[in-house]
Amino acid sequence: MTAAAVGRILPLFVATGPIVVINWTPDALGLIETMVGSTAVGARCVVCVGTASQAQIDATLTDEPLWREVRYHQAPEINDGVDALATMLQSIDIADARSIVVLPQRDAAEPDANSRVVCVALTRACGEGKVPNTVVEVEDPEAAYEFAGLGVATVFYPGYLRAALLAQACVDLGVFQFVYGLLDGRYRVRLLPIPASLTSATFRDAALELEIDDKGNPITVIGLQKRTNAELMINPGPRTELSDALGLLVLEES
């Protein structure tokens, strides 16, 4: 597959509804930053749901400028039951969300089982309506089967790649499934240094020019990593300058 082909498949989407992140804690602030950077979705379009109080969250993130634009809602504990969580989700109009991300509850004995309870609550909260595009981050890859029949996608890649895939899934589930499918055994993602000839070029230039690496292996450019804060950006847009990029994110056969 050529870089130009992927460029047509991975357009720069812009979300029209809120992205809701469930089981969110301040430790996952980087995920919000990645979403905002990777999807061209403003922080005002992100809604975080967690069990900590608003006062606790505000006190922890008092010096984070991004947090001033993010909405937060306190949710009941899982032990309070599915109906309690479903009622809370209804109160924030969860059915109108563009996408939903369910993070694992890190302090839970069985975080993946808890995430399944959240997905059941989402179904109840939406009633007869369609549940929005939902992606679940699982701790154990073998637990993915637990979500069969709930209409969700699962992610268990670590680090920056996980966050980037979550962000892409929030914008368009079809695009996520395409990229995720490429990674399943046949392809891998790695970071390449930017060739000297492209240091003053754009992302479009790199996508069109780079089709093999220095060893002659076919590659497809899908994103970049910024120099200033090491942020990973999937499909940052064709006019994005490479002057502030640390490297290019590429797909290659494993």
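Structure shown above.
Residues numbered from 1 in each chain as written. Predicted model: local features only at pLDDT ≥ 70, side-chain atom pairs only at ≥ 80, totals over all residues. Heavy atoms only, no water.

Draft legend 1. A look at the nonpolar core. Of all hydrophobic cores here, the largest spans 26 residues; its most connected members are Val20, Ile22, Leu89, Ile94, Ile100 and Leu122. Leave out the neighbours within four places in its chain, and Val20 touches Val47, Val49, Ile92, Ile94, Ala97, Ser99, Ile100 and Val101. Core analysis: the second largest hydrophobic core is formed by 20 residues, Ile19, Ala28, Val46 and Val135 among them. (Core = buried A, V, L, I, M, F, W, Y, C linked by side-chain atoms within 4.5 Å. Buried < 20%, exposed > 50% of the residue type's maximum accessible area, 1.4 Å probe, protein only. Contact = heavy atoms within 4.5 Å.)

Draft legend 2. Looking closely at unusual backbone geometry. Its identity is not glycine, yet Asn23 carries a phi of approximately 70°, on the positive side. When you line up the elements, Asn23 lands in the loop between strand 1 (19–22) and helix 2 (29–39). Its relative accessible area of 14% is what places Asn23 among the buried residues. Of note in the backbone geometry, Asp93 takes a positive phi value of approximately 55° without being a glycine. (Helix = DSSP H or I, 4+ residues; strand = E, 2+ residues; numbered from the N terminus.)

Draft legend 3. Spatial organisation of the packing of helix 4 (residues 82–91) against helix 5 (residues 111–126). The interhelical angle for the contact between helix 4 and helix 5, taken along N-to-C directions, is 55°, at an axis separation of 8 Å. Taken together, the axis directions place helix 4 and helix 5 in an arrangement best described as oblique. Between helix 4 and helix 5 lies a crossing of right-handed hand. On helix 5, the residues touching Val82, Asp83, Leu85, Ala86, Leu89 and Gln90 of helix 4 are Val117, Val118, Val120, Ala121, Leu122, Arg124 and Ala125. (Axes fitted to C-alpha atoms, helices over the stretch in contact; angles between N-to-C directions. Parallel < 35°, antiparallel > 145°, perpendicular 65-115°, else oblique. Left-handed = near helix turned anticlockwise from the far one by under 90°.)

Draft legend 4. Structural detail: the packing of aromatic side chains. A full pass over the atoms with the stated rule returns 3 aromatic pairs. With a centroid separation of 6.2 Å and 55° between ring planes, the pair formed by Trp67 and Tyr72 is classed as tilted. This pair shows no difference in class: Trp67 is buried, exactly as Tyr72 is. Through a chain of ring-to-ring contacts, the aromatic side chains of Trp24, Trp67 and Tyr72 assemble into a single cluster. (Phe/Tyr/Trp six-rings, centres within 6.5 Å; stacked < 30°, edge-to-face > 60°.)

Draft legend 5. The side chain of Asn133, seen in detail. Its place among the elements puts Asn133 in strand 5 (residues 133–137). Within the structure, Asn133 has its side chain in polar contact with the side chain of Ser99 (distance 3.1 Å). (Polar contact = N/O pair within 3.5 Å; in protein donor to acceptor, adjacent residues only side chain to side chain.)

Treat this as a map of the structure, not an account of what it does.
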